[in-house]
Amino acid sequence: MEIYSLTALINAITSFVLGIFVYFKNKKAPINKTFALFAFAVFFWSFSYFLWQIAKDPQSALFWSRSLILGAIFIPIFYFHFVIYFLDIFEEKKRILVFGYVLALIFFFLTFTSSMIKGVTPKLFFPYWPEPGMVFSQFLLMFFGYIIYSWYLMFRAYEKLTGIKHEQVKYVLIGTFIGFFGGSTNYFLWYDIPILPLGNGLVAVYVALVAVAIVKYRLMNIRVILTESLVVLIAFILLAETIISKSLLELLFRGSLFLFFCFIGYLLIKSVLNEIKLREKLEIANNAKSEFVSIASHQLRTPLTAVKGYISLMIDGTYGKLSQELQKPLQNVYESNEKLIDLVNNLLNLSRLEAGKIEFSPTLSSLEKIVSDIIEELKINADKNGLYLKLVKPKRALPEIMIDQSKIRQVILNIIDNAIKYTKDGGITIKLRETDSKEQIMISDTGIGISQDEMKGLFQMFSRAAAGTKLHTNGSGVGLHVAKKFIEMHRGRIWVESEGKDKGSTFFIELPIK
Ligand code: ADP
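**Side note on the overall build of the protein**
Within the protein, the secondary structure is distributed over 15 helices and 9 strands. Computed over C-alpha atoms, the radius of gyration of the protein comes to 32 Å, more than 25% over the 24 Å expected from 2.2 N^0.38 for 514 residues, which places it beyond the range of a compact globule. C-alpha extents for the protein along the principal axes are approximately 110 × 55 × 45 Å. Residues classed as buried in the protein amount to 46% of the 514 residues present. As displayed, the protein offers around 27,500 Å² of accessible surface, 64% of which is attributable to carbon and sulfur atoms. Between the averaged position of the 56 positive side-chain charges in the protein and that of its 43 negative side-chain charges there is a distance of 4 Å.

Right under this line is the structure:
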């Protein structure tokens, strides 16, 4: 069957090229080295597979099917070796690795004896399918044992890791599932289960995804790289088809198709690279903007704080008793100045966030305590406006969670403060509860509400709903944007629900417990 030899050839070429590529990207790194070994084992397996498929007599079919097993023996061990470097747990798992190498060596010496493969017989439409020998099942046990254990380790790490590493592990895991699933379709026929090795071609995808995870780690770039890999993969398929052409006409036709595709692929990759360059430029411009906002805000903060200080001294009568007419306007100046300080602080937060300069320092904290403190603080404000402010605690105390206290405090404070700002009668109810592996804070008010239209962009920069522009002319629309960013840092969710105008609004914040 042509398709099986073809996919094997593609697997061989892909793993060979990617192995070399990853190795030369960083020759010294253990991750790159072990990956190259693994890719080489996959290459060895698939190239022998290819030769076995095209074998014309039982002797050479037997030889190549044994040689194929040789590659397969080392695939799981090299893979495990790679995974423990990748997850930084080499020292802990060293012994299991050594044990794996010993097993692999034993199987290695048995490969060219009849205990691994007895001989070849016709199965379905394969003329020379290998028959399992005495130790073949034991070999399979080792194969899947090491693979599944590696998966387990990675899955466990995936849940704990954050940032780039989290993304990398995700790609390796997805790749692994696809690849080994595909590769395993080979094993059924050995036991006379009539399932065809149709998943074979998926092995190449697997090696490609793992390579991507090692060399490139940013999500944006991963998309770009995937485009490139796809182009290269298709080019390989076309090339392989050309090589195995049976007549001159076929050779000419497939060859020109290959060349034509190479040309189109080249254009495609070039345009993708251009796009990256453009993006980089944009990033530089964006950084300059953030820098500007950051400096400007810093410069603004100092005089604003000075103004604040002097005005409070004036109000307190340090410079002589104020006349009755001056009291009220000065109070107004003071409040406006406070709002400006608020805005400048928020802008500063935002520019730091954008530049990735804000620190995230989670500690084990009680959400209930944070919320109670905030309510205590804002009570006076609510009372002054004739609003109630009540907290509904959960029946069972919530567990403490890892959060950055000052950031979560700022978010909740902002939302309750908004609720007071945008409510004329009634009040605000705050509920805390635990839903499956998350803690949820619900802040509902009986205020002015938010329409469907306004809700869409609410968490975006400088977004202000009708309520904001009418009721409070000096809000900025930055607060909720920063809030969303802060909650996202915690891998949480923030959203709002409202029945519409004058029906009140409810803000939800959800934070993962683990
Ligand atoms: P600011 O309140 O400073 O304008 P925010 O980002 O905190 O900035 O809020 C953005 C907008 O969302 C507000 O201008 C207002 O229109 C709307 N909003 C926020 N909270 C509420 C609420 N509880 N009820 C109605 N509208 C709200």
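**Regarding helix H2 (residues 30–53)**
End to end, H2 covers 34 Å across 24 residues, agreeing with the expected 34 Å (1.5 Å per residue, within 8%). Counting buried positions along H2 gives 18 out of 24 residues, so the element sits mostly inside the fold.

**Focus on a nonpolar patch on the surface**
Among the surface-exposed residues, Phe 16, Val 17, Ile 20, Phe 24 and Phe 40 lie close enough to one another that they form a single nonpolar patch of about 460 Å² accessible area. With 4 residues, the single largest contributor to the nonpolar patch is helix H1 (residues 2–25). Mapped onto the secondary structure, Phe 24 falls in helix H1. According to the relative accessible area criterion, Phe 24 is exposed, its value standing at 53%.

**Quick notes on the packing of aromatic side chains**
Evaluation of the coordinates by the stated rule reveals 36 aromatic pairs. Directly above the aromatic system of Phe 486 lies the positively charged group of Lys 407, at a separation of 5.7 Å from the ring centroid. Directly above the aromatic system of Trp 495 lies the positively charged group of Arg 493, at a separation of 4.1 Å from the ring centroid.

**Side note on the sheet that holds strand E7 (residues 438–445)**
Spatial strand order, E4-E6-E7-E9-E8: 5 strands in an open sheet with mixed pairing. Strands at the two margins of the open sheet, each flanked by one partner only, are strand E4 (388–392) and strand E8 (493–498). Direction aside, neighbouring strands of the sheet carry axes that sit 15 degrees apart on average. Two strands pair when backbone bridges link them, and E4 and strand E6 (residues 427–435) are joined in this way by 5 bridges, in the parallel orientation. Bridge pairing in E6 places Lys 390 opposite Thr 429. Most of the contacts of helix H11 (residues 367–384) go to E4, to which it runs at about 165 degrees, and overall it touches E4, E6, E7 and strand E9 (505–512).

**Overview of helix H4 (residues 90–110)**
If you check H4, its first and last C-alpha atoms are 28 Å apart, about what 21 residues at 1.5 Å a residue would give, namely 30 Å. In H4, a bend of some 30 degrees at Ile 96 exceeds every other bend along the element. Buried within H4 are the following residues: Phe 90, Lys 93, Leu 97, Gly 100, Ala 104 and Phe 107. The secondary structure elements touched by the buried residues of H4 are helix H3 (58–86) and helix H5 (136–160).

**Regarding the confidence of the model for the protein**
Here the protein averages 84 in pLDDT, while 90% of its residues score no lower than 70. The secondary structure element of the protein with the lowest average pLDDT is helix H14 (residues 466–471), at 54, and the one with the highest is E7, at 95.

**A look at the packing of H3 against H5**
Close contact between H3 and H5 brings their axes to 9 Å; oriented N to C, the two are set at 20 degrees. Considered as vectors, H3 and H5 are oriented roughly parallel to each other. Here the hand of the crossing between H3 and H5 comes out left-handed. Judged by residue contacts, Ile 69, Ala 72, Ile 73, Ile 75, Pro 76, Ile 77, Tyr 79, Phe 80, Val 83 and Ile 84 of H3 engage Phe 136, Phe 139, Met 142, Phe 143, Tyr 146, Ile 147, Tyr 149, Ser 150, Trp 151, Leu 153 and Met 154 from H5. Partitioning the contact of H3 with H5 into residue classes produces 20 nonpolar, 1 polar and no charged.

**Notes on empty space enclosed by the protein**
All chains considered together, the criterion is met by 2 cavities of 30 Å³ or more. Here the largest cavity defines a volume of roughly 220 Å³. Forming the walls of the largest cavity are 21 residues, and the residues nearest its centre are Trp 45, Phe 143, Gly 183, Asn 186 and Tyr 187. Among the elements of the structure, H2, H3, strand E2 (126–132), helix H6 (163–184) and helix H7 (202–215) are those that each provide at least two residues to the lining of the largest cavity. Counting residues per element, the lining of the largest cavity draws most heavily on H3, which supplies 5 residues. Broken down by class, the residue content of the lining of the largest cavity amounts to 16 nonpolar, 5 polar and no charged.

Parameters and conventions
- Residues numbered from 1 in each chain as written.
- Predicted model: local features only at pLDDT ≥ 70, side-chain atom pairs only at ≥ 80, totals over all residues.
- Heavy atoms only, no water.
- Helix = DSSP H or I, 4+ residues; strand = E, 2+ residues; numbered from the N terminus.
- Rg over C-alpha atoms; globule rule 2.2 N^0.38 Å.
- Buried < 20%, exposed > 50% of the residue type's maximum accessible area, 1.4 Å probe, protein only.
- Areas by Shrake-Rupley, 256 points an atom, 1.4 Å probe, with all protein chains shown as cover.
- Lys, Arg positive; Asp, Glu negative; His and termini not counted.
- Charge placed at Lys NZ, Arg CZ, Asp CG, Glu CD.
- Expected span 1.5 Å × (residues − 1).
- Patch = residues over 30% accessible without salt bridge, like charges linked within 9 Å, V, L, I, M, F, W, Y side chains within 5 Å.
- Salt bridge = Lys/Arg side-chain N within 4 Å of Asp/Glu carboxyl O.
- Phe/Tyr/Trp six-rings, centres within 6.5 Å; stacked < 30°, edge-to-face > 60°.
- Lys NZ or Arg CZ within 6 Å of the ring centre and 35° of its normal.
- Pairing = 2+ DSSP bridges.
- Axes fitted to C-alpha atoms, helices over the stretch in contact; angles between N-to-C directions.
- Contact = heavy atoms within 4.5 Å.
- Bend = angle between axes of the 7 residues up to and from the residue.
- pLDDT = per-residue confidence, 0-100.
- Parallel < 35°, antiparallel > 145°, perpendicular 65-115°, else oblique.
- Left-handed = near helix turned anticlockwise from the far one by under 90°.
- Nonpolar A, V, L, I, M, F, W, Y, C, P; charged D, E, K, R; others polar.
- 1 Å grid on protein atoms, 1.4 Å probe; cavity = no way out; pocket = protein on both sides within 12 Å on 5 of 7 lines; lining within 4 Å.
- Points joined across faces, edges and corners; volume = space filled by probe spheres on them.

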